[in-house]
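If you want the building blocks of each chain, they are given just below.
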Amino acid sequence: MSTVLGSLRRLALAPALSEVGFARRGFPGPSSPATARLEAIPRAVVCGFEWGIDCRGLEEVQQRVELVDEGMRGFAYEGVTMAFTVLDAMGSGRRRRTRELLLGPGAPHLFLAYIGIGFAMARLPRPLWRKVVPELEPGPFHPTMTWLAVDGYGFDLAYFDVAKWVDEQRRPAPYDWQGHRDYFGRAVDQGIGRALWFIHGARVLDVDAAVRRFAPERHADLFSGVGLAATFAGGCGEADLATLRREAGEHAPELALGSVFALRARVHAGFVPPHSAVAAAALSGLSVPAAVALADDTAPAPDAGGSVPPYERWRANIRRQFEQTAAAAAE
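Summarised in this report is the structure supplied together with it. (Residues numbered from 1 in each chain as written. Predicted model: local features only at pLDDT ≥ 70, side-chain atom pairs only at ≥ 80, totals over all residues. Heavy atoms only, no water.)

**Re the overall build of the protein chain**
Within the protein chain one finds 17 helices and zero strands. Taken over C-alpha atoms, the radius of gyration comes to 19 Å for the protein chain, in line with the 20 Å a tight globule of 331 residues would show. Across its three principal axes, the protein chain shows a C-alpha extent of roughly 65 × 50 × 35 Å. Out of the 331 residues in the protein chain, the part that is buried amounts to 55%. Considering only contacts within the protein chain whose residues lie at least 6 apart along the sequence, 75% involve residues at least 24 apart. Side chains of the protein chain carry 36 positive and 37 negative charges; the gap between the two charge centres is 6 Å. (Helix = DSSP H or I, 4+ residues; strand = E, 2+ residues; numbered from the N terminus. Rg over C-alpha atoms; globule rule 2.2 N^0.38 Å. Buried < 20%, exposed > 50% of the residue type's maximum accessible area, 1.4 Å probe, protein only. Contact = heavy atoms within 4.5 Å. Lys, Arg positive; Asp, Glu negative; His and termini not counted. Charge placed at Lys NZ, Arg CZ, Asp CG, Glu CD.)

**Quick notes on the packing of aromatic side chains**
Throughout the structure, instances matching the rule amount to 20 aromatic pairs. When the centroid spacing of 5.1 Å and the interplanar angle of 65° are considered together, the rings of Tyr159 and Phe160 count as edge-to-face. Three or more aromatic residues joined by ring pairs make a cluster, and in this case those are Phe22, Phe27, Phe119, Phe155, Tyr159, Phe160 and Phe198. The ring of Phe160 carries Arg123 above its face, with NZ or CZ at 5.4 Å from the centroid. Over the aromatic face of Phe232 sits the side chain of Arg266, whose NZ or CZ is 3.9 Å from the ring centroid. (Phe/Tyr/Trp six-rings, centres within 6.5 Å; stacked < 30°, edge-to-face > 60°. Lys NZ or Arg CZ within 6 Å of the ring centre and 35° of its normal.)

**Overview of the packing of helix H8 (residues 147-160) against helix H10 (residues 184-199)**
Close contact between H8 and H10 brings their axes to 6 Å; oriented N to C, the two are set at 50°. Taken as axis vectors, H8 and H10 run oblique relative to one another. For H8 against H10, the interelement crossing comes out right-handed. Residue-level contacts link Trp147, Val150, Asp151, Gly152, Tyr153, Gly154, Phe155, Ala158 and Tyr159 of H8 to Phe184, Ala187, Val188, Gln190, Gly191, Ile192, Arg194, Ala195, Phe198 and Ile199 of H10. Partitioned by chemical class, the residues of the contact of H8 with H10 number 13 nonpolar, four polar and two charged. (Axes fitted to C-alpha atoms, helices over the stretch in contact; angles between N-to-C directions. Parallel < 35°, antiparallel > 145°, perpendicular 65-115°, else oblique. Left-handed = near helix turned anticlockwise from the far one by under 90°. Nonpolar A, V, L, I, M, F, W, Y, C, P; charged D, E, K, R; others polar.)

**Considerations on empty space enclosed by the protein**
To find the voids left in a structure, one rolls a probe of water-molecule size over its atoms. Per the counting criterion, the structure on display carries three cavities of 30 Å³ or more. Taken as a whole, the largest cavity spans an internal volume of roughly 280 Å³. Secondary-structure elements contributing two or more residues to the lining of the largest cavity are helix H3 (33-54), helix H5 (70-89), helix H7 (110-121), H8, H10 and helix H12 (219-232). Broken down by element, the residue count for the lining of the largest cavity peaks at five residues, all from H3. Its volume calculated, the second largest cavity comes out at about 70 Å³. Here the residues of the lining of the second largest cavity are counted per class, giving ten nonpolar, no polar and no charged. (1 Å grid on protein atoms, 1.4 Å probe; cavity = no way out; pocket = protein on both sides within 12 Å on 5 of 7 lines; lining within 4 Å. Points joined across faces, edges and corners; volume = space filled by probe spheres on them.)

**Some remarks on H12**
Think of an α-helix as turning once every 3.6 residues; residues three or four places apart then point the same way. For H12, which comprises 14 residues, the first-to-last C-alpha distance of 20 Å matches the rise-based estimate of 20 Å (1.5 Å per residue) to within 8%. Burial of H12 is extensive: 13 of the 14 residues sit out of reach of the surface. Remark: Gly234 follows H12 within two positions and exhibits a positive phi of approximately 75°. (Expected span 1.5 Å × (residues − 1).)

**A few points about the packing of H7 against H8**
One can describe the packing of H7 onto H8 by two numbers: an axis separation of 6 Å at closest approach and a directional angle of 50°. When the axis of H7 is compared with that of H8, the two are oblique. In this structure, H7 meets H8 at a crossing whose hand is right-handed. Residues Phe111, Tyr114, Ile115, Ile117, Gly118, Phe119 and Met121 of H7 form the contact with H8, whose own contacting residues are Leu148, Ala149, Gly152, Tyr153, Phe155 and Asp156. Broken down by class, the residue content of the contact of H7 with H8 amounts to ten nonpolar, two polar and one charged.

**As for the nonpolar core**
Membership of the largest hydrophobic core comes to 106 residues, with the highest contact counts inside it found for Met145, Trp177, Trp197 and Phe198. Filtering out sequence-adjacent residues up to four positions away, Trp177 remains in contact with Met121, Val132, Val133, Thr146, Trp147, Ala149, Val150 and Phe184. (Core = buried A, V, L, I, M, F, W, Y, C linked by side-chain atoms within 4.5 Å.)

**Regarding unusual backbone geometry**
Cis rather than trans, the peptide bond between His142 and Pro143 has omega equal to 5°. By secondary structure assignment, the location of Pro143 is in the loop between H7 and H8. The phi dihedral of Gln178 falls on the positive side, at around 55°, and the residue is not glycine. Residue placement: Gln178 occurs in the loop between helix H9 (162-167) and H10. A positive phi is found at Ala202, a non-glycine position, where the angle reads about 65°. Among the structural elements, Ala202 can be located in the loop between H10 and helix H11 (204-212). Judged by relative accessible area, Ala202 falls into the buried class, the value being 5%.

Spelled out as structure tokens, the structure:
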């Protein structure tokens, strides 16, 4: 059962389902089967957020989310994580909701959960950000992949304020995430790149043109976000994806990098929809097992040293594989 306080928090913090629709947000382009598919994703996030804010406990949240179609379930958990992060950061209750979620039913959806933390960050004052990531045992993905929270923050900025973050191409102030303040803006751009896939309804030429309107030094991170969204969320077929890869030109390795990370997240969740396998083949030339093997074989040690975060070292290792493959093909 929901609580009165939870309902008030939901009304104050959560966008309505109608507010996340593409037409309501003023996104360009006509409605299509692709936009209908993509619109369902933020709506699943909103539903998860509302359940997380309203429900009395984790068991009730899990029972609701498990009713969601398997292909969309991770997005609902993304919204639940957003809600629990807000509640924990604001000091409500035991402040352990997010940790319990990620050690329990949210564990398979860890990648999307980090993104949900980023959505919460977009609604919390920065002084509370130090509370948003729960303490988990170090592993292959934690804390390395917590940069996806910054990615999620960038996605939220672009999705809900296209004029400022896409049209005007603003940059948020840096933040000392994992001791790497200078990398913060790059991770934000990766999230903005993901948002461009949604904003332009998976129309690959429009997405490519949108990336090109940004400063050239931002293109690589934007394209990696595009590759992740195209693979994880889907929205177009093999021919269009091949066009995207061709149009990306020198940044095709970044598309492939994003695609590999998307597949790693899908496999971790235990469900790979057909569109993700198609996108991986089109953008990276790899099968699902080969993409996962590449991700696992290139993972760096999660140490705290060095001027580059382990997350970016991992990304660079994967990107280098595709650059070498492209160079060998050109000989």
